[in-house]
Amino acid sequence: MGKEKQIEKKFRKKKKYSVDTIDEGKKKDIVSESYLQTVFRRFKRHKLALISLVIVVILGLAALFAPIIAPYDPNEMAGPFSGAPGKGFLLGTDQIGRDVFSRLLYAMRISLLVGIMATLISTVIGVILGLIAGYFGGVADMLIMRFTDMVMSFPYILLVLVAAAIFKPGLWSIILILGFVDWPGIARLVRGNVLNLRETNFIKGNLVAGMPLRHILFSEILPNTVAPILVYATSVLALSMLDEAALSFLGMGVQPPTASLGNMLNGAESLTVLTKQPWLWVPPGVVIVVLVMAINFIGDALRDALDPNSKG
Amino acid sequence: MSKYILKRILIAIPVLIGITIIDYAIMCLAGSPLEMLKGPRVSEAAVEAKKIALGLDKPFYIQYFVWLGQLLHGNLGYSVKSYQPVSEMIKSHLGPTLLLMGVSLIVSLIMAVPAGIYSAIHQYSKGDYTVVTLSFLGSSIPGFFLSLLLIYLFTIKLGWLPSSGMTTLGTDGGFLDVVKHMIMPVLVLATSMAGSNIRYIRSAVLEILQQDYLRTARAKGIGRFKVIYKHALRNALVPIVTVIGMEIPMLFGGAVIIEQVFSWPGLGLMTMSAIISRDYPVIMGVCLLSAIVVLIANLITDILYALVDPTITFE
């Protein structure tokens, strides 16, 4: 009997010891940390993503303040035709004497605008359709998901190209086209999450409490599925910037004289530009690769940082 | 099993019908073919006669069924530009595209499968970081920009590879000549696909490596090599099947742009010129064909998936 008590005492002591000195210290840290702090701490572990974030912020600011930074008007003749990079013209001039550096800044502006707006539109459509399909189920779910299947069956680029051929190409039509074609992935993602959430006790509790539908959908379900939507949206952003570039490169996207990263590369289809004037096509290409890659890295780190099952 | 396959096929039918409706709706949205006829030398009466001849005076849904009926007979309509039957045009351009797509798919798998498995086995090592970073580069570089870089390097600077067409003009080609023309477009298509596939295969293999049966295999002490190559890889087949299924629509899309850059005489080049000249019957024919191919590819993927993984049942 005595022995048992002793063991119990020892055990308790040990437990107390561990709670007091090791776990407690750690626990305090975690408790005092807000959700956003946790996410940021985890995000910081990805060095490439951190560098990417800095790059995206710098390029984003450069694009935002293009009118202040750009040394010349992007659409006006400023120097010699096809001048090599040098004094006065950081990246040289194009075939009709426009400053490539200024055009690059404005092109980033347009490409980021297209990417962000298209992502916003497709996310809103996808979230709404996914919420309806997942929450209400039944006929609505069947109709929406089959429609999603149909849209996904058409090769994406082909659908975009056909739409671009039907509607007059231009900045806003390209934003709308990309926005209206990109949503199926998000719709499927949201639907899957909503299906899982609907079975949780807190949603059932809301139902029993007789909360209005609007509250359940937008104040309970949506906030709990924001993290995966955010991660998915970064990849949509990267993809729509690539698509804008491809479309504008083919001459079906943003129309000149407005500069976009894609249509700046358009000139490289001519052999002289490709061989003798690399300053006309290499910089916009590199900017696309850097921007898209940085966005992808950020998305990947966010996936890890926002994952509730991730350790640390 | 057969019940699952049957159900999967039954679900594909309404999707297929929906695809034809969307296809037809886009064609109607694009404008009436009569507009192409209108001109100063064409009288109103002639346009009216043509309208009746084409059945355009009938209501929308009847036109759709007429079109669908023609479709079932293999008649996709006639090109507005060249007056050739669309099905003939597709047939003659299909070969080069299938060749390009098939080889690219194989090359991308040869790049992605070993890289993804290596990366998963050596998780968080330097090699893993390199592979993952490269895979991000692969999926972030626009195909046309990579094409331009390759053309600059291999055609202009080194003069090793031809930059356009499928065979050298004036010759009848031959196997080696076609291979030479294919290297760059295949490389571009395979790179962009391998980029996302490496990460997909990596995470799938990582998941498999954490399974209980692999812990058991390790605990048996059969050795690392056997654990990975005998037990893990067999199960990694499932995600690889999915990857192939996912790639089909990507390939179709990627081919349009890459064929344009390299003047590859395939479906993509044909579609692009049809888009530029607004040759809607051709565009719609290609859209319909590719949508059906994608649908069938998805169907086969799902069925293969169920064959490889017996735990999957239809919900």
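Residues numbered from 1 in each chain as written. Chains lettered and ligands numbered in written order. Predicted model: local features only at pLDDT ≥ 70, side-chain atom pairs only at ≥ 80, totals over all residues. Heavy atoms only, no water.

(A) Expanded view of the overall build of chain A. When its secondary structure is counted, chain A shows 15 helices and zero strands. Residues classed as buried in chain A amount to 48% of the 312 residues present. Summed over its atoms, the accessible surface of chain A is roughly 16200 Å², and 67% of this surface lies on carbon and sulfur atoms. (Helix = DSSP H or I, 4+ residues; strand = E, 2+ residues; numbered from the N terminus. Buried < 20%, exposed > 50% of the residue type's maximum accessible area, 1.4 Å probe, protein only. Areas by Shrake-Rupley, 256 points an atom, 1.4 Å probe, with all protein chains shown as cover.)

(B) Structural view of the interface of chain B and chain A. Chain B puts 44 residues into the contact, and the matching count from chain A is 39 residues. Both faces considered, chain B and chain A share a buried interface measuring about 3600 Å² in area, 85% of it formed by carbon and sulfur atoms. Here chain B is connected to chain A by zero salt bridges. Across the chain B-chain A interface, the total number found is one residue pair in polar contact (both at pLDDT 80 or more). Counting only elements with at least two residues in the side of chain B that touches chain A, the list comes to α1 (2-29), α6 (126-140), α7 (143-157), α10 (224-262), α11 (267-276) and α12 (280-308) of chain B. (Contact = heavy atoms within 4.5 Å. Buried area = accessible area lost by both parts, 1.4 Å probe. Salt bridge = Lys/Arg side-chain N within 4 Å of Asp/Glu carboxyl O. Polar contact = N/O pair within 3.5 Å; in protein donor to acceptor, adjacent residues only side chain to side chain.)

(C) Region of the structure containing empty space enclosed by the protein. As enumerated under the stated definition, the model contains one cavity of 30 Å³ or more in all. Space inside the largest cavity adds up to approximately 60 Å³. If you trace the largest cavity, you find it lined by L158 of chain A together with T97, F252, A255, V256, E259, L267, G268, T271 and V286 of chain B. Secondary-structure elements contributing two or more residues to the lining of the largest cavity are α10 and α11 of chain B. (1 Å grid on protein atoms, 1.4 Å probe; cavity = no way out; pocket = protein on both sides within 12 Å on 5 of 7 lines; lining within 4 Å. Points joined across faces, edges and corners; volume = space filled by probe spheres on them.)

(D) Molecular detail of the packing of helix α5 (residues 100-136) of chain A against helix α11 (residues 213-221) of chain A. Residue and element names in this part refer to chain A. Two elements in contact, α5 and α11, have axes separated by 12 Å at closest approach and are oriented at 115°. Judged on the interaxial angle alone, α11 and α5 are roughly perpendicular. As α5 packs across α11, the resulting crossing turns out to be right-handed. For the pair formed by α5 and α11, the contact residues are L131, Y135 and F136 on the first element and L213, I216, L217, F218 and I221 on the second. Within the contact of α5 with α11, the residues separate by chemical class into eight nonpolar, no polar and no charged. (Axes fitted to C-alpha atoms, helices over the stretch in contact; angles between N-to-C directions. Parallel < 35°, antiparallel > 145°, perpendicular 65-115°, else oblique. Left-handed = near helix turned anticlockwise from the far one by under 90°. Nonpolar A, V, L, I, M, F, W, Y, C, P; charged D, E, K, R; others polar.)

(E) Spatial organisation of the pattern of salt bridges. Residues and elements named next belong to chain A. Enumeration over the complete set of coordinates arrives at 10 salt bridges over all chains. R45 is paired through a salt bridge with D304; the nearest N and O atoms lie 3.5 Å apart. In this pair, R45 sits in the loop between α2 (35-44) and α3 (47-64) while D304 sits in helix α15 (residues 278-306), placing the two residues 259 residues apart along the sequence. Of the residues examined, D304 reaches a relative accessible area of 25% and is grouped as partly exposed. The partner of K204 in a salt bridge is E199, with the nearest N and O atoms 4.0 Å apart. Exposure remark for E199: the relative accessible area of 48% places this residue in the partly exposed category. Taken together, the shared-partner salt bridges connect R146, D149 and R188 into one network.

(F) The packing of helix α9 (residues 184-198) of chain A against helix α12 (residues 226-249) of chain A, seen in detail. Residues and elements named next belong to chain A. Interaxial distance between α9 and α12 falls to 10 Å at its minimum, and their mutual angle equals 170°. Considering the angle they form, α9 stands roughly antiparallel to α12. Within the contact between the two elements, α9 uses G185, I186, L189, V190 and N193 and α12 uses P228, I229, Y232 and V236. Class assignment of the residues belonging to the contact of α9 with α12 gives a composition of seven nonpolar, two polar and no charged.

(G) A look at α12 of chain A. All names here are of chain A. For α12, with 24 residues, the first-to-last C-alpha span of 34 Å sits near the 34 Å given by 1.5 Å per residue. Burial of α12 is extensive: 18 of the 24 residues sit out of reach of the surface. Positive phi shows up at G251, right after α12, with a value of about 85°. (Expected span 1.5 Å × (residues − 1).)

(H) Up close: the environment of L48 of chain A. Note that L48 of chain A resides in helix α3. Sequence-distant contacts of L48 of chain A, defined by excluding residues within four places in its chain, comprise F297 of chain A together with T133 of chain B.

(I) Representation of the packing of aromatic side chains within the structure. Applying the stated rule across the entire model yields 11 aromatic pairs over all chains. Between the aromatic rings of F297 of chain A and F136 of chain B, the centroid separation amounts to 4.7 Å while the plane-to-plane angle is 50°, which identifies the pairing as tilted. Of this pair, F297 of chain A sits in helix α15 while F136 of chain B sits in helix α6, which puts the two residues in different chains. A relative accessible area of 2% means that F136 of chain B is categorised as buried. (Phe/Tyr/Trp six-rings, centres within 6.5 Å; stacked < 30°, edge-to-face > 60°.)

(J) Representation of the confidence of the model for chain A within the structure. Summing up the model confidence of chain A, the mean pLDDT is 82 and the portion of residues at 70 or higher is 88%. Per-residue pLDDT stays below 50 along residues 13-25 of chain A; that stretch engages in three contacts with residues further than four places along the chain or on separate chains. (pLDDT = per-residue confidence, 0-100.)

(K) Highlighting the side chain of S140 of chain B. Looking at the element boundaries, S140 of chain B is found in helix α6. At 3.0 Å, the side chain of S140 of chain B forms a polar contact with the side chain of N296 of chain A. Residue contacts for S140 of chain B: discarding those within four places in its chain leaves L242, V289, V292, M293 and N296 of chain A.

(L) The side chain of S111 of chain A, seen in detail. Residue and element names in this part refer to chain A. Along the polypeptide, S111 turns up in helix α5. A polar side-chain atom of S111 sits 3.1 Å from a polar atom in the side chain of E244. Excluding residues that lie within four positions of it along the chain, S111 makes contacts with M241, E244, S260 and L261.

(M) The arrangement of a positive patch on the surface in detail. All names here are of chain B. A cluster of basic residues, K220, K226, K230 and R234, forms a positive patch at the surface. Mapped onto the elements of the fold, K230 is located in helix α10. The class of K230 is partly exposed, set by a relative accessible area of 48%. (Patch = residues over 30% accessible without salt bridge, like charges linked within 9 Å, V, L, I, M, F, W, Y side chains within 5 Å. Lys, Arg positive; Asp, Glu negative; His and termini not counted. Charge placed at Lys NZ, Arg CZ, Asp CG, Glu CD.)

(N) A look at a nonpolar patch on the surface. Residues and elements named next belong to chain A. Judged by side-chain polarity, L53, V57, L61, L64, F65, I68 and I69 come together as a nonpolar surface patch covering roughly 650 Å² of accessible area. The set of elements that each furnish at least two residues to the nonpolar patch consists of α3 and α4 (66-69). No other element matches the four residues that α3 contributes to the nonpolar patch. Note on placement: I69 falls in helix α4. The class of I69 is partly exposed, set by a relative accessible area of 43%.

(O) Structural context of the nonpolar core. Residues M108, L161 and M252 of chain A together with F144 of chain B are the most contacted members of the largest nonpolar core, which totals 120 residues. If near-sequence neighbours (up to four positions away) are discounted, L161 of chain A is found in contact with L247, L250 and M252 of chain A together with V256, M272 and I275 of chain B. (Core = buried A, V, L, I, M, F, W, Y, C linked by side-chain atoms within 4.5 Å.)

(P) Spatial organisation of the confidence of the model for chain B. Residues and elements named next belong to chain B. Of the residues in chain B, 92% have a pLDDT of 70 or more, and the chain-wide mean is 82. The spread of mean pLDDT over the elements of chain B runs between helix α2 (residues 34-37), the lowest at 62, and α6, the highest at 91. Scoring of the predicted complex yields 0.83 for pTM and 0.82 for ipTM.

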